[in-house]
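# Tertiary structure, described
The residues making up each chain are set out below.
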Amino acid sequence: PGFVKNGGTGLALFINDEDCTIAGFKDGDLVLWRKCQGAPGGKTIREALRKGLGVDDEMLDGIMADNLIDPRPVLEPVILPIVDELAVSRDYLAGKLNLAINDAFIVGLSSGIGYWSAVFEERARIRLAECKPFDGFEGTVPEAKDLSAFAGALGEALAFMAEDDE
């Protein structure tokens, strides 16, 4: 819904298990596709948070879902390479295609959108909105932990489509 509201123009950040990918769209067309060089994937981010906070997976999910403990001191240094890559992508699209983009959609994040968004807004003036590809879908929906696999598949499909257009 948010992507449609923006006229099909914006940035999407795909958090996959092993890496992160950024896609840029103008009027619904894919105009940018890049892997975040040197950025951690979802598994690495989760492991760093778990170790940094000294908690198990279940407790980490609870921390990321509510606001009793602020994980940003541990989260921020881990995701800064992703913030930097998204800012570079935004600036590239602004210079090359004259696109003013201040929002990005994130796919594959199981929880903690508020914390991620705060870091992105403070560091790069980019507002994050969580994209839930299964909203409105009737049928069996994957568990949140399986969304990173979906994000990876969606990202690879977009890259394949971009290659076909060239």
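You'll find the structure just up there.
Residues numbered from 1 in each chain as written. Predicted model: local features only at pLDDT ≥ 70, side-chain atom pairs only at ≥ 80, totals over all residues. Heavy atoms only, no water.

## Some thoughts on the environment of phenylalanine 25
Looking at where phenylalanine 25 falls in the secondary structure, it is placed in strand 2 (residues 20–26). Judged by its relative accessible area of 9%, phenylalanine 25 falls in the buried class. For the pair phenylalanine 25 and alanine 12, spaced 13 residues apart in sequence, the C-alpha to C-alpha distance is 8.2 Å. (Helix = DSSP H or I, 4+ residues; strand = E, 2+ residues; numbered from the N terminus. Buried < 20%, exposed > 50% of the residue type's maximum accessible area, 1.4 Å probe, protein only.)

## Comments concerning the packing of helix 4 (residues 72–97) against helix 5 (residues 113–124)
Two elements in contact, helix 4 and helix 5, have axes separated by 9 Å at closest approach and are oriented at 55 degrees. Classified by the angle between their axes, helix 4 and helix 5 sit oblique to one another. Crossing geometry of helix 4 relative to helix 5 is assigned as right-handed. On helix 5, the residues that touch Arg72, Leu75, Glu76, Ile79, Leu80, Ile82, Val83, Leu86, Ala87 and Arg90 of helix 4 are Tyr115, Trp116, Ala118, Val119, Phe120, Glu122, Arg123 and Ala124. Class assignment of the residues belonging to the contact of helix 4 with helix 5 gives a composition of 13 nonpolar, no polar and 5 charged. (Axes fitted to C-alpha atoms, helices over the stretch in contact; angles between N-to-C directions. Parallel < 35°, antiparallel > 145°, perpendicular 65-115°, else oblique. Left-handed = near helix turned anticlockwise from the far one by under 90°. Contact = heavy atoms within 4.5 Å. Nonpolar A, V, L, I, M, F, W, Y, C, P; charged D, E, K, R; others polar.)

## Structural notes on helix 3 (residues 57–65)
Of all the residues in helix 3, the buried ones are Leu60, Ile63 and Met64. Each buried residue of helix 3 lies within a common arc of 95 degrees when the element is viewed along its axis, so the set occupies one face. More than 90 degrees from the buried face of helix 3, the exposed residues found are Glu58 and Ala65. Tucked into the core, helix 3 has its buried residues touching helix 2 (42–53) and helix 5. (Arc of directions from axis to C-beta.)

## Examining the pairing of strand 1 (residues 10–15)
With 6 of its 6 residues buried, strand 1 lies for the most part within the structure. Here strand 1 pairs with strand 2 via 6 bridges, running antiparallel. When the sheet's bridge partners are listed, glycine 10 is paired in strand 2 with phenylalanine 25. Hairpin connection from strand 1 to strand 2: 4 residues lie between these consecutive antiparallel strands. (Pairing = 2+ DSSP bridges.)

## Here we look at unusual backbone geometry
Its identity is not glycine, yet asparagine 98 carries a phi of approximately 60 degrees, on the positive side. When its relative accessible area of 69% is taken as the criterion, asparagine 98 is described as exposed. Positive phi outside glycine occurs at arginine 125, with the angle close to 55 degrees. A relative accessible area of 60% places arginine 125 in the exposed class.

## Topic: the pairing of strand 2
Side-chain direction in a regular strand flips from residue to residue, so the side chains alternate between the two faces of the sheet. Within strand 2, 6 of the 7 residues are buried, which leaves the element mostly enclosed by the surrounding structure. The pairing of strand 2 with strand 3 (residues 29–35) spans 6 bridges and is classified as antiparallel. Among the inter-strand pairings, lysine 26 is bridged to a residue of strand 3, identified as aspartate 29. Between strand 2 and strand 3, which pair antiparallel and follow one another directly, the connecting turn spans 2 residues, one of which, aspartate 27, has a positive phi of 50 degrees.

## Observations regarding the side chain of serine 111
Along the polypeptide, serine 111 turns up in the loop between strand 4 (103–107) and helix 5. The buried category is assigned to serine 111, whose relative accessible area is 19%. Once residues lying within four places of it in the same chain are set aside, the contact partners of serine 111 are Asp61, Met64 and Trp116.

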